[in-house]
Amino acid sequence: MDKELLEKSRQDELILVQGLLKKQNAILGDSLLHLNNLLYLHRSISLLEFKEIKKAIVEKLPHILSIQYFTLFLYDKNKKQLTLSCHNHPNFPQQLTLHLDDSGIMRDALVNGRYVLETDFFNSKYFKGKRNPLYQNPFFVCIPLMIENEILGVLNLNDNAKGFFTINDLDFVLNVTEFISLSISNSLLFAKAETLSVTDGLTSLFNHQ
């Protein structure tokens, strides 16, 4: 069962990457930078253990997306909670759980199932409280991580060298987040399968053997 699940995960990732490469080639024409970055990410996070995927995302995602800061939250639809999974913010808590209503922009992205881009976040309806001096750019991007109709979480992006965010930037980010969603989904599915293989389905206790 584990071998079949592993092979299916690899095949799903390969098919998705091939489709994204074709899409990027059609949209960007002779620009190979995004294509190379997409392949680089594919090699980096085609892993089954979620902790390894998170490590690779922290190390490589800012460079690939040309973004200064990011946060990735996983979503528990039963509890309506967002749990911080990984990030690259200095002095940011390693553990953070928010109710869905605690963040208007993440709530809207999840409820509507589409990205939210605010070019001037500090003057938007979502801004609350004091401005963080860490951020040099006014834009904020919040993208739901989804597999078909299943919501996994959200990816938030802040700051880049240009100081703004274009449609071309967003198009490439959406392609990348599609692959991130698949990798996370596969890793969580594989972890669940491993847990079920060593525990009793009714009691959740470890099997005797």
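Residues numbered from 1 in each chain as written. Predicted model: local features only at pLDDT ≥ 70, side-chain atom pairs only at ≥ 80, totals over all residues. Heavy atoms only, no water.

A.B. asks: Any details on helix α4 (residues 104-112)? Residues and values, ideally.
C.D. replies: Those residues of α4 that fall on the buried side of the exposure criterion are Ile105, Met106, Asp108, Ala109 and Leu110. Looking at the buried side of α4, the elements it contacts are β1 (69-76), β2 (81-87), β3 (97-99), β4 (116-118), β5 (140-147) and β6 (150-158). Positive phi appears at Gly113, one or two residues downstream of α4, with a value of about 65°. (Buried < 20%, exposed > 50% of the residue type's maximum accessible area, 1.4 Å probe, protein only. Helix = DSSP H or I, 4+ residues; strand = E, 2+ residues; numbered from the N terminus. Contact = heavy atoms within 4.5 Å.)

A.B. asks: Pulling in residues and values, what's your account of the sheet that holds β3?
C.D. replies: Strand pairing in a sheet is mediated by backbone hydrogen bonds. Such pairs are either parallel or antiparallel. Read from one edge of the open sheet, 6 strands run β3-β2-β1-β6-β5-β4, paired in antiparallel fashion. Whereas interior strands pair on both sides, the edge strands pair on one side only; in this sheet they are β3 and β4. Recorded for the sheet is a direction-independent mean angle of 25° between the axes of neighbouring strands. Contacts from α4 reach β1, β2, β3, β4, β5 and β6, with the element oriented near 35° to β5. (Pairing = 2+ DSSP bridges. Axes fitted to C-alpha atoms, helices over the stretch in contact; angles between N-to-C directions.)

A.B. asks: Give a description of the side chain of Asn156 that names residues and reports values.
C.D. replies: Topologically, Asn156 is positioned in strand β6. The class of Asn156 is buried, set by a relative accessible area of 3%. Every residue in contact with Asn156, bar those within four places of it in the chain, is listed here: Tyr69, Phe70, Thr71, Phe73, Met106, Phe140, Val141 and Cys142.

A.B. asks: I'd like to hear about the packing of aromatic side chains, residue by residue, with values.
C.D. replies: All told, the structure shown has 6 aromatic pairs when counted by the stated rule. Seen in terms of ring centroids, Phe139 and Phe165 are 5.3 Å apart; in terms of plane orientation they differ by 35°. Their pairing is tilted. Of this pair, Phe139 sits in the loop between β4 and β5 while Phe165 sits in the loop between β6 and α5 (167-198), placing them 26 residues apart in sequence. This pair shows no difference in class: Phe139 is buried, exactly as Phe165 is. These aromatic residues form a ring-pair network of at least three members: Phe121, Phe122, Phe127 and Phe140. The ring of Tyr115 has Arg114 lying over it, and the distance from NZ or CZ to the ring centre is 4.9 Å. (Phe/Tyr/Trp six-rings, centres within 6.5 Å; stacked < 30°, edge-to-face > 60°. Lys NZ or Arg CZ within 6 Å of the ring centre and 35° of its normal.)

A.B. asks: So what about the pairing of β6? Which residues, and what values?
C.D. replies: Extensive coverage of β6 is indicated by the burial of 7 of its 9 residues. Note that β1 and β6 share 6 bridges and pair antiparallel. Looking at β6, one finds that Phe70 is bridged to Leu157. Across 7 bridges, β5 lies against β6 in antiparallel orientation. Paired with Pro144 across the two strands is Val154, which belongs to β6. Taking the residues between adjacent antiparallel strands as the criterion, β5 and β6 are bridged by 2 residues, where Glu148 takes a positive phi near 55°.

A.B. asks: Tell me what's going on with the pattern of salt bridges, and back it up with residues and numbers.
C.D. replies: If you walk through the whole model with that rule in mind, you get 3 salt bridges. Between Lys51 and Glu49 there is a salt bridge, with the nearest N and O atoms lying 4.0 Å from each other. Taking relative accessible area as the criterion, Lys51 reaches 56% and is therefore assigned exposed. When its relative accessible area of 46% is taken as the criterion, Glu49 is described as partly exposed. Here Asp108 makes a salt bridge to Arg107, at a shortest N to O gap of 3.4 Å. We classify Asp108 as buried; its relative accessible area is 15%. With relative accessibility at 28%, the residue Arg107 sits in the partly exposed group. (Salt bridge = Lys/Arg side-chain N within 4 Å of Asp/Glu carboxyl O.)

Without other data, these values stay purely geometric and don't point to any function.
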